[in-house]
Amino acid sequence: MRWATFVTAVLIIAGCSTAEKEEDGGKPFALEIRGAVVWVEIARTEQQRARGLMFRKKLPENAGMLFVYDNEDFRRFWMKNTYIPLSLAYIDSEGVIFQIEEMEPLDETPVASMRPARFVLEVNRGWFRKHGIGIGDRISNLAALYRFLGMEK
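Residue numbers run consecutively from 1 along every chain, following the written order of its sequence. Note on the predicted model: pLDDT of at least 70 is required for a residue's local features to be given, and 80 or more for side-chain atom pairs to be given and counted; whole-chain, interface and lining totals, by contrast, use all residues. Computation of side-chain values covers all heavy atoms of the structure but excludes hydrogens and water.

Remarks on the confidence of the model for the protein chain
Logical step 1: On average, residues of the protein chain score 87 in pLDDT, and 84% of them are at 70 or above.
Logical step 2: Note on residues 1-24: pLDDT under 50 across the span, and five contacts to partners over four residues away in sequence or across chains. Values of pLDDT, which run from 0 to 100, indicate the predictor's confidence residue by residue. Residue contacts are defined here by distance: any two heavy atoms, one from each residue, within 4.5 Å place the two residues in contact.

The structure is reproduced here in structure tokens:
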């Protein structure tokens, strides 16, 4: 009986550990845009996308979060419970940035994409400007990103 209890406890702990790894997006990916590299956490599940960068107090200089969707659709983002001033880029399936927005901490006003997006990239406010990245620029290593995600274009 004790052995069964021990095995059950080990399995529960192992399950929690796996769930935690899935929640934090796992291994970061070095996303390249116009020669600039930003290390992104991947938010791919509904739970990861809902949490995003909420409750964090800081974000390293060349770090961000890439929200990944299975298809292109109109997206809406807000800054509920998000304390870091962010810049946000809506990106299509071809990796092209078509909209950049400056987001205010804790602002719950939704900011909608002007057209369907497959990806949304959040970085520290001003990161795009600092690196000379604008509308029409694209993810340089898009094929590697799709492979990393195990997705098709």
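What follows continues from the structure just given.
A closer look at the pattern of salt bridges
Logical step 1: Salt bridge, as used here, is a side-chain nitrogen of Lys or Arg placed within 4 Å of a carboxyl oxygen of Asp or Glu. Evaluation of the coordinates by the stated rule reveals six salt bridges.
Logical step 2: With a closest N to O distance of 2.6 Å, R56 and E41 form a salt bridge. Here the residue R56 occupies a position in the loop between α2 (46-51) and β3 (63-73), and E41 occupies one in strand β2 (residues 36-43), the gap between them amounting to 15 residues.
Logical step 3: R56 gets classed as partly exposed once you look at its relative accessible area, which sits at 27%.
Logical step 4: A salt bridge links R115 to D92; the shortest N-O distance between them is 3.2 Å. Linking R115 in the loop between β7 (111-112) and β8 (117-124) with D92 in the loop between β5 (86-91) and β6 (97-103), this pair joins segments that are 23 residues apart in sequence.
Logical step 5: Exposure is judged per residue with a 1.4 Å probe applied to protein chains only, and the accessible area is read against the type maximum: over 50% gives exposed, under 20% gives buried, and values in between give partly exposed. Classification of R115 as partly exposed rests on a relative accessible area of 37%.
Logical step 6: Taking the relative accessible area as the measure of exposure, D92 reaches 10% and is therefore buried. By the criteria applied, helices consist of DSSP H or I runs no shorter than four residues and strands consist of E runs no shorter than two, each listed in order from the N terminus.

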